[in-house]
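Survey of secondary and tertiary structure
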Amino acid sequence: MVKLIENQVISHKEFEMIKITDEVRKAVEESGIKNGLVAVITKHTTTGIMVNEALPCVEKDIEMQLDRLVPNDYPYVHTHMLPTYGTCSGNAPGHLKAMLAGNHCLFPVIDGKMMTGGEQNIYFVELDGLQIRKYFIEVIGE
């Protein structure tokens, strides 16, 4: 059996870690699937899905390290007119940070519950700010 749910988040900052663990747990519990896997997948190339401890200091450390690795003021090539979009692009740092963040995570489902480590939380990570974004929760099993 497979259950696919599409959820939406609204980001309010250029960089934002939005905790979605509760939404994923709820989707698993409502799916009716007792044993299997749950996948969380972003639909965007300038967002990520991360698993980490939900502490403000950890979130800040992640943001600062991504900024060190992918600075906004680097002379990126992806800063030119995109005819297909009809606009200029300037979000190369968001694309590169998304590669570091990853676009999905997987957790086992046992007895109808998502199995995580004690401090593991799932984040939808915005890397190109102030947008309406979507992600999938797919529960697969029996």
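Before reading further, recall that the structure is shown in the block above.
What you see is a predicted model, and the numbers here were worked out from it, not measured in a lab.

**Some words on the nonpolar core**
Judged by nonpolar contacts, the single largest core of 19 residues is most densely connected at I20, V24, V38, V40 and I122. Those elements that place two or more of their residues in this core are α1 (21–31), β3 (36–42), β7 (104–110), β9 (121–126) and β10 (132–141). Setting aside its immediate chain neighbours within four residues, I122 contacts I18, K19, I20, T21, V24, V40, I49, M50, C105, F107 and M114.

**With respect to the environment of V125**
Tracing the sequence through the fold places V125 in strand β9. Judged by its relative accessible area of 0%, V125 is buried. Between the C-alpha atoms of V125 and L66, which are 59 residues apart in sequence, the distance is 12 Å.

**Overview of α1**
Each full turn of the α-helix corresponds to 3.6 residues, which orients residues three or four apart in the same direction. Of the residues making up α1, those classed as buried are T21, V24, A27, V28 and S31. The buried side chains of α1 occupy one side of the element, clustering within an arc of 130° when seen end-on. Residues of α1 that are exposed and angled more than 90 degrees away from the buried face: D22 and E30. Among the residues trailing α1, G32 stands out with phi positive, at a value near 80°.

**Notes on the pattern of salt bridges**
All chains considered together, the criterion is met by 7 salt bridges. A salt bridge links K60 to E63; the shortest N-O distance between them is 3.4 Å. Pair noted here: K60 and E63 are both in helix α2 (residues 56–69), with a separation of 3 residues, about one helical turn. With a relative accessible area of 42%, K60 lands in the partly exposed category.

**Comments concerning the environment of K34**
Tracing the backbone shows K34 in the loop between α1 and β3. If we ignore the near neighbours within four places in the chain, the residues touching K34 are V109, I110, D111, G112 and E142.

**Section: the side chain of T46**
Mapped onto the elements, T46 comes out in the loop between β3 and β4 (47–52). We classify T46 as buried; its relative accessible area is 4%. At 2.9 Å, the side chain of T46 forms a polar contact with the side chain of R133.

Criteria and cut-off values
- Residues numbered from 1 in each chain as written.
- Predicted model: local features only at pLDDT ≥ 70, side-chain atom pairs only at ≥ 80, totals over all residues.
- Heavy atoms only, no water.
- Core = buried A, V, L, I, M, F, W, Y, C linked by side-chain atoms within 4.5 Å.
- Buried < 20%, exposed > 50% of the residue type's maximum accessible area, 1.4 Å probe, protein only.
- Helix = DSSP H or I, 4+ residues; strand = E, 2+ residues; numbered from the N terminus.
- Contact = heavy atoms within 4.5 Å.
- Arc of directions from axis to C-beta.
- Salt bridge = Lys/Arg side-chain N within 4 Å of Asp/Glu carboxyl O.
- Polar contact = N/O pair within 3.5 Å; in protein donor to acceptor, adjacent residues only side chain to side chain.

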